[in-house]
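A structural walkthrough
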Amino acid sequence: MRPRIFARFRLSRRHSLQTRRFGSQSDSIRKISLTLSTKAPKRTAVEELKRHLANLPRTSVNAQNGIDPDYQHGAAVFASREFATWLGDESFMTALLETLLSSESHGQLKSQDINVLYAVADGLTPKRLFGEPQAGLSILYGSADAILPGMWDSEDFGSNIDQDREASVSFLSNPLPRDTRPLEIILPLANTVFQNGRRSTLFASRWQKDHNGSMARTLIQEKRAQRICPGSISAGHTKPILPLLPLSPPRKIVAGLGNIVRQIEVNGSAAPASKELEGLIPRVFDARSKRDQSYSPGPIGVWCWVIPPHVVESKNLLDLKVLDPETSQSEADLSLEALSVFSELISSGCRLHKILSGGGGWGLKQGLLSLDPEISHSLPDQDDVEMFIKAFQERDSPNPSEGLVTPGSYLMFCIEPHCTEGDIRSSKQMEPAAVLGVAPNYDGKLDSGSLSDKIDIVSDHFGVVSTAGLFLKALPHIAGVNGTNESAKRPQAFTTKIDFPRASFVL
């Protein structure tokens, strides 16, 4: 059966989510994604990829940049968990690499080393804004130096079989909107214990194609971390897409310590931190059951933004439209209206925390809320105690956007929108781009074309998701960026975790 080929994804201009291209160096990095069913044979996947690439303009990277004797080909190959074993099949990887590199070099690839990173993620990005993650392969290929800087640095090597924490890859990207700091987004990899016995799957490999045209793997090394550049750092910005549903206006923190909030101000009076949520969540369940007959009430994730006072004032957040369970407006539509607000919040240095527990109790413990204190990703051998000590030391930070909760700053409660089948079908398709996202944390199978044997191939697109969330790190001190003597005026480093389903960043 011939595959259905998608030429492009679209996303509504009404919500200002158009993608953009990087600088001229992006031409040396190519992207392609294959959505597969587990019924699709490996040979068919390679043949359809070869047929697809043959119909594209054949522009050699070496021709673009001149004949460079030091140019090295490279690729970063990501698979969803369903296809983890494909990456360990040397015959399949050989055929895949030969197909990719022959299309790039007009079949005239000389004898040289080829650096390849392969990793297993929780899935590929959805086709639609409110869609489900997909299964398959997503690939970056071109210049090894551009895509995989420092791939053979020894400090990143190590086994992932018995680690307590997953390996990760970090993507270097342009700053967030209205920011000047280059952005690094860390994506934790999938748990592949039941696929190949490893906590995570991340390998650096070296391949060589000889003068006779045959390719073979000459070296393979397990890694715990790797930095990836999906395109050049330019004057553009990374686009956050954060479809959250605001439950309440920002509430001032009256009392709290560390990651525990004890009291907030509601309508001018101090109240237990969880009291408002305890009244809102049952109303949300009732409204969803009335709108969608197929809805089954169950555990619901609640997040909150921690917002400095000056941001609340400058963004007029007290007038933000919030969910009214009795209104006829769909939750999907309201979350789209709030996209620009949440984009501005994260660009302003506001952090998002999931509420881990809270409610009930009595006396001084009545209505406490516990926020997830994790804001950065540690490697498997890093001590979690160090992160706790650092967070505790920052509890009295004069800047409410640093540390955890601080009396005087604000909380804004949010939930993920409930999307009906109609909401999902009518949500806009995404344009091809480099995209990182967050997937729901459930054990079900990913969308793999309703188990048909079709293969959907999308050029100029790379997209992977993680169920553990994404860790954002905006750093002002990167070589060649903001290299002035005005260090005192530079914004401070910023880190946060984004872990609600359907969140994504267009790089």
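Residues numbered from 1 in each chain as written. Predicted model: local features only at pLDDT ≥ 70, side-chain atom pairs only at ≥ 80, totals over all residues. Heavy atoms only, no water.

1. A closer look at the overall build of the chain
Each helix and strand counted, the chain has twelve helices and 25 strands in total. For the chain, buried positions account for 55% of its 507 residues. Long-range contacts, defined as pairs at least 24 residues apart, comprise 82% of the intrachain contacts of the chain with a sequence gap of at least 6. Accessible surface computed for the chain: about 22,600 Å², of which carbon and sulfur atoms make up 48%. (Helix = DSSP H or I, 4+ residues; strand = E, 2+ residues; numbered from the N terminus. Buried < 20%, exposed > 50% of the residue type's maximum accessible area, 1.4 Å probe, protein only. Contact = heavy atoms within 4.5 Å. Areas by Shrake-Rupley, 256 points an atom, 1.4 Å probe, with all protein chains shown as cover.)

2. Overview of the pattern of salt bridges
Within this structure, the stated rule accounts for 18 salt bridges. Of the charged contacts in the structure, one is a salt bridge between K127 and D456, with a shortest N-O distance of 3.0 Å. Highlighted residues: K127 in the loop between β4 (123-124) and β5 (136-143) and D456 in strand β21 (residues 456-459), separated in sequence by 329 residues. Comparing K127 with D456 shows no difference in burial state: the two are buried. Ionic contacts of the salt-bridge type, sharing partners, join the residues D372, E374, K497 and D499 into one network. (Salt bridge = Lys/Arg side-chain N within 4 Å of Asp/Glu carboxyl O.)

3. Considering the sheet that holds strand β25 (residues 504-506)
Taken in spatial order, the five strands line up as β4-β22-β20-β25-β11 in an open sheet, and their pairing is mixed. The open sheet has two edge strands with one neighbour each: β4 and β11 (239-241). (Pairing = 2+ DSSP bridges.)

4. Points about helix α1 (residues 42-54)
An ideal rise of 1.5 Å per residue puts 18 Å on 13 residues; α1 measures up with 19 Å between its terminal C-alpha atoms. Buried within α1 are the following residues: A45, V46, E48, L49, H52 and L53. On an axial view of α1, the arc spanned by its buried residues comes to 165°, and they lie on one face. Within α1, the exposed residues directed more than 90 degrees away from the buried face are R43 and K50. (Expected span 1.5 Å × (residues − 1). Arc of directions from axis to C-beta.)

5. Re the state of the cysteines
Counted under the stated rule, the structure contains zero disulfides. No disulfide involves C304; its nearest neighbouring cysteine sulfur is the one of C414, lying 8.3 Å away. Looking at C304, the relative accessible area reads 0%, which means it is buried. (Disulfide = S-S within 2.5 Å.)

6. Quick notes on the packing of aromatic side chains
The description of an aromatic ring pair uses the distance of the two centres, along with the angle that the planes make with each other. Inspection of the entire model under this criterion finds nine aromatic pairs. Between the aromatic rings of F78 and F171, the centroid separation amounts to 6.2 Å while the plane-to-plane angle is 35°, which identifies the pairing as tilted. With F78 in strand β2 (residues 73-80) and F171 in strand β6 (residues 168-173), the pair connects residues that are 93 residues apart, well separated along the chain. According to the relative accessible area criterion, F171 is buried, its value standing at 0%. Relative to F92, the ring of W86 has its centre 5.0 Å away and its plane inclined at 65°; by these criteria the two rings are edge-to-face. Residues W86 and F92 agree in their burial class; the two are buried. By way of ring pairs, the aromatic residues F78, F171 and F462 are connected into one cluster. Over the ring of W152 we find R206, and its NZ or CZ is 4.5 Å from the ring centre. A cation over an aromatic ring shows up here: K223 above the ring of F157, its NZ or CZ 5.1 Å from the ring centre. (Phe/Tyr/Trp six-rings, centres within 6.5 Å; stacked < 30°, edge-to-face > 60°. Lys NZ or Arg CZ within 6 Å of the ring centre and 35° of its normal.)

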